[in-house]
Every structure is written in structure tokens, then in C-alpha cells.
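Observations on chain architecture
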Number of protein chains: 2
Amino acid sequence: MIASELLEKYGALKKSFEKGEIIFEEGNLPTHYYQIISGEIKMSNYNDDGREFIQGIFYKEQSFGEPPLFLNQKYPANSIAVEDSKILLLPKSNFMKMLEENASISIKIIETLAQRLYYKSVMAAEISTHEPEHRVLKLIDHGIAYFNFKKDQNGFLINFTRQQIGDLTGLRVETVIRAIKTLEKKGELKIINRKVYR
Amino acid sequence: MIASELLEKYGALKKSFEKGEIIFEEGNLPTHYYQIISGEIKMSNYNDDGREFIQGIFYKEQSFGEPPLFLNQKYPANSIAVEDSKILLLPKSNFMKMLEENASISIKIIETLAQRLYYKSVMAAEISTHEPEHRVLKLIDHGIAYFNFKKDQNGFLINFTRQQIGDLTGLRVETVIRAIKTLEKKGELKIINRKVYR
DNA sequence: CTCGTTTTATGATTAAAATCATAAAACCGA
DNA sequence: TCGGTTTTATGATTTTAATCATAAAACGAG
């Protein structure tokens, strides 16, 4: 997260996106740095028969879509507003200027990318070598650390739908539903009127 | 890749690793920055029943294992020498000092991490939503761009074993062998005495 | 050059998750 | 508050890649 005053100093503009609105599309070249003011954004891919894979979900104060910006490569995924959202957009050239003139920003970005790479490494190994229950639990435990799950008297409320969990772990909804039920029976999770707690 | 003179100026030391030797292990805290002088290194995970998932393969002049260094987190995977290798090791504190004193290094690192994140994003979507043939082909095409595949009169020689391709795509050897055969029949690849060309 | 290991290969069988079908409950917008 | 959509749920069936079995070819260390 970069201070919004600094971003605005370099010419960042606020823009609103409605729920379901596309921010950028797979295959396009990057033009801006994006940082969320409020709302929720997902980055995802769709395969030929419409099946979705969610690369990540981002919340307020987080940025997204930086890698292609540094590489002059096309976006490998789409970004869509999951909720009505407000986003700060800083044009690429201004962003680069800001980087040059503010060395400490680089460290921040390195940490952000390192964090995301860490998540991807863990989930990649999970997805390709573990069974559904293990995958779901790993995603949830990661979520507690990095997504904005809130704790109440029942534990952490996992505010993802079964479908979202499926799209993040490469599983189908029915499989996720069954995995969650099994995990509840094993005592790893709680299900309180359909909501999942850990 | 950071100039080896610079690394040595900050106290980096050369170290040799034999084929099969472990450089660092999953779960350990990072102590050094690693940059390959010669040889080949893989980073991988093993699940409970010994199944391997290769996070990445790295060659001369490439660095590896940086993310946990920036996050003070445990390594999410092991790193092992695939061939006899020579590596430059720079202790963490010296590495951080080097970063502070050389702003341009940060940009290099950002680009490296962005590149790796790009690969992980593409492969994550592949692994979770596409059929074996698609996955294998995507890995190969990525390899042409980023691993050191060499071109000769038959095209690019894919110098990965079927097992390695399996461990990089989350497939079993037999499945990879069959996928490669099918891709050859479709004219996407050539197999010339067991070697794969694209 | 030889012997053990690794790699590639192929066929048969199995297991596990995807798919298909259906429905109740919950949520949301008009 | 009504009606449509989304989410959760469950059972039956199918498909696909994993698994199991076996072997030839190639490679590599001594």
C-alpha cells in the first residue's frame, strides 16, 4: 500500500466501479497502477468452457495487477469488481517516475510481490499434490492470515462462498461443500447456519 | 541477476553443491541471498506420500529463494542442486545493506519477482482448469521463453524429462508421456529419438 | 564394458472428483 | 413482500487421470 497523498501528488485519480464491472482484461497491456480505496476486487481467468480460476481477491489499501506493469507484458488475467469499489488509478509513466524519485516505495513493492509469490507457491503445491480437504483448509488458513477474515466468538468467519473457495483451489462447488462437511465432522471447522468458522 | 563483483564487494562467497545436495529446506528461516554461478537448481515440495511438485528450475545467473528473505518467513519449499553447481551466497544483513545503498538493484529484483509471479499465475490457471495436453504445452511454451531451451534444426529442444514436466504441471509421468504422444500426433511437437522438440 | 538406475513406453484397472440432476434455503432488488 | 437469483445441499453416474504392472531403451558410474 502506497500513501494515497503520494499517489495523488503524482496524478492518481479516483474511479468508481460497480459490482461486476471489469477493470482490465486478460490480454490487454497495462496502462495504470491500481490501488483499492474501498470495495473488493478479484483477478481471475476463464478457460474455454467458462470455468473460472481466481488468482486472488483484493481489499481496501491493496494494489493489484503490478507484475505486467513492470514487464510490459499483457495481463494474464481479468480483474473484476466483486463489490462496488473505488480505486486510485495512476498512469504507468507517472508511477515509474514516482518509483525513481522515492526509493522506499521499491521496498514496499518488493514486499508485496514477495508476499503474493509466497501465497502462489503454497497454493500451487497444494493444488497439484493434495486432496480437496487439505487444499480447502490451507486456503482458509492462508485467508486468516492475509484476507480480511474477522474473528468473533465462533472463531474466524470465512467470508468466501463455497464457489469462491472452489475457484481459488481448482475444485468444483460440490466437492468444496463435501470437503467442508467432512472437515466439520473432523472438528477442523464449524458450520453455523451455513457460515464457515475456523 | 546482480553483478557478481557487487555481490562479492558486499561479502558474497562462492560455494559448490553436488548433484542432489540440498541448499536449503522447507520450514527453515532464510539466511542468505543465493545466485547461481553455474549448474542447475530446483525448488520443490514433497507431500506426505513423497509426491513432488517443482516450483521452479533455475540456471546460471539466476537467483532463487528471495521472497522469504524479504518477509522473514520460513521457506515454503526445498532447494536442491539438479546438477553440480556453484552458487554465490550473500548473508541476509549484507544483502539488505547492498539494497539500501544501490537503489537500482531494487528495480532488478522487482522485475525478477514480477516475472516469477507471471509464470505462477499462468501455470496456476493451467493446472486448475485445463486438460493435461494443454498444461504440458503451456509449460513448454513458457520454457521456450524463460528456461534455457536451445534451438536447432528440429526446433527448440525441450530439455526436461517427462518426470520433470509432470512435477511442474502436477501430472504423473504416464500422463505426460501420453499427452506428449498425442501432441505429436496433432503436430504440435516433434519427438526425435525420445527427445521433445517444439 | 558392464551392471544398476533412470527414462520412456504401453496396456489394464481403479479411484476420485467432476458431472448431472434436483431441490431447499437464503438473499436481494424492485 | 414477491419473485428471481444465488448459495448450499445431496444422491447417482460418469469420466479422466492415477495407479498398477511390466518392460525395453538409454544412460552413467565405476
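Residues numbered from 1 in each chain as written. Chains lettered and ligands numbered in written order. Predicted model: local features only at pLDDT ≥ 70, side-chain atom pairs only at ≥ 80, totals over all residues. Heavy atoms only, no water.

**Description of the relation of the copies chain A and chain B**
Overlaying chain A with chain B gives an RMSD of 0.0 Å, the required rotation being 180° about an axis along which the chain moves by 0.0 Å. A rotation of that kind, with that shift, is consistent with a two-fold axis. (Least-squares fit on C-alpha atoms with pLDDT ≥ 70 in both.)

**With respect to the pairing of strand β7 (residues 78-81) of chain B**
Residues and elements named next belong to chain B. Residue alternation in β7 divides its side chains into two sets, N78 and I80 and S79 and A81, and both sets are buried. Where strand β2 (residues 22-24) meets β7, 2 bridges bridge the pair, whose relative direction is antiparallel. Residue I22 lies in a different strand from β7, and its bridge partner there is I80. One ladder, built from 4 bridges, connects strand β4 (residues 40-46) with β7; its direction is antiparallel. Paired with I41 across the strands is A81, a residue of β7. (Buried < 20%, exposed > 50% of the residue type's maximum accessible area, 1.4 Å probe, protein only. Helix = DSSP H or I, 4+ residues; strand = E, 2+ residues; numbered from the N terminus. Pairing = 2+ DSSP bridges.)

**A closer look at the nonpolar core**
Counting residues in hydrophobic clusters, the biggest one holds 42 residues, and the most contacted among them are F95(A), M98(A), F95(B) and M98(B). For M98(A), the contacting residues outside a window of four places in its chain are I2(A), L6(A), L7(A), Y10(A), L90(A) and I105(A). (Core = buried A, V, L, I, M, F, W, Y, C linked by side-chain atoms within 4.5 Å. Contact = heavy atoms within 4.5 Å.)

**Topic: the packing of aromatic side chains**
Summed over all chains, the structure comprises 16 aromatic pairs over all chains. Relative to F64(B), the ring of F58(B) has its centre 6.1 Å away and its plane inclined at 25°; by these criteria the two rings are stacked. Judged by its relative accessible area of 9%, F58(B) falls in the buried class. Grouping aromatic residues by their ring pairs yields a cluster made of F24(A), Y34(A), F58(A), F64(A) and Y75(A). (Phe/Tyr/Trp six-rings, centres within 6.5 Å; stacked < 30°, edge-to-face > 60°.)

**Some words on helix α4 (residues 103-129) of chain A**
Taking 1.5 Å per residue, 27 residues should reach 39 Å; α4(A) reaches 40 Å between its end C-alpha atoms and fits that length. Among the 27 residues of α4(A), 19 are classified as buried, and the element is accordingly described as predominantly covered. (Expected span 1.5 Å × (residues − 1).)

**Considering the sheet that holds strand β7 (residues 78-81) of chain A**
Residues and elements named next belong to chain A. The strand order β2-β7-β4-β5 describes an open sheet built from 4 strands, whose pairing is antiparallel. Single-partner strands in this sheet number two, and they are β2 (22-24) and β5 (52-59). Put simply, the sheet's adjacent strands are angled 30° from each other on average, direction ignored. Taken together, the 7 bridges between strand β4 (residues 40-46) and β5 define a ladder with antiparallel strand orientation. Along β5, the bridge assignment pairs I41 with F58. Packed on one face of the sheet, helix α6 (residues 162-169) meets β4 and β5 and runs near 110° to β5. (Axes fitted to C-alpha atoms, helices over the stretch in contact; angles between N-to-C directions.)

**A closer look at the protein's contact with DNA strand D**
In the vicinity of DNA strand D lie 17 residues, with R162(A), R178(A), P132(B), R172(B) and T175(B) positioned nearest. Backbone sugar and phosphate groups make up 67% of those atoms of DNA strand D lying within 4 Å of the protein. Within the side chain of R178(A), one N or O atom sits 2.7 Å away from a base nitrogen of DNA strand D. The separation between a phosphate oxygen of DNA strand D and a polar side-chain atom of K181(A) is 3.1 Å. With 4 residues, the single largest contributor to the surface near DNA strand D is helix α7 (residues 173-185) of chain A. (Near = heavy atom within 4 Å. Polar contact = N/O pair within 3.5 Å; in protein donor to acceptor, adjacent residues only side chain to side chain.)

**Concerning the UniProt feature "domain: HTH crp-type" (unreviewed entry) in chain A**
The UniProt entry lists residues 130-198 of chain A under the feature "domain: HTH crp-type" (unreviewed entry), expressed in the numbering used here. Between the first and last C-alpha atoms of residues 130-198 of chain A the distance is 20 Å; the span itself is 52% helix and 17% strand. (UniProt positions renumbered as here; feature names shortened; annotations may be inferred.)

**Section: unusual backbone geometry**
The phi angle at N72(A) is positive, at roughly 55°, despite the residue not being glycine. Mapping N72(A) onto the fold places it in the loop between α2 (67-71) and β7. Despite not being glycine, E61(B) has its phi angle at roughly 80°, a positive value. When you line up the elements, E61(B) lands in the loop between β5 (52-59) and β6 (63-64).

**Considerations on the protein's contact with DNA strand C**
Every one of the 16 residues lining DNA strand C counts as a neighbour, but P132(A), R172(A), T175(A), R162(B) and R178(B) are closest to it. Within 4 Å of the protein, the atoms of DNA strand C are drawn from sugar and phosphate moieties in a proportion of 67%. Between DNA strand C and T175(A) there is a distance of 2.3 Å, counted from a phosphate oxygen to a side-chain nitrogen or oxygen. Ranked by residues supplied to the surface near DNA strand C, first place goes to helix α7 (residues 173-185) of chain B with 4 residues. Its residues assigned to classes, the surface near DNA strand C shows 3 nonpolar, 3 polar and 10 charged. (Nonpolar A, V, L, I, M, F, W, Y, C, P; charged D, E, K, R; others polar.)

**Some points on the domain arrangement of chain A**
All names here are of chain A. Entries for chain A in the domain assignment read domain 1 (4-113) and domain 2 (130-197). For domain 1 and domain 2, the distance between their C-alpha centres works out to 27 Å. Facing the 8 residues of domain 1 at the interface are 9 residues of domain 2. Carbon and sulfur atoms make up 52% of the area that domain 1 and domain 2 hide from each other, which totals about 880 Å². Interface area lost by domain 1 to domain 2 is led by R51, I54 and Y59, which between them contribute 57%. Where domain 1 touches domain 2, the interface holds 0 salt bridges. (Domains from an automatic or database assignment. Buried area = accessible area lost by both parts, 1.4 Å probe. Salt bridge = Lys/Arg side-chain N within 4 Å of Asp/Glu carboxyl O.)

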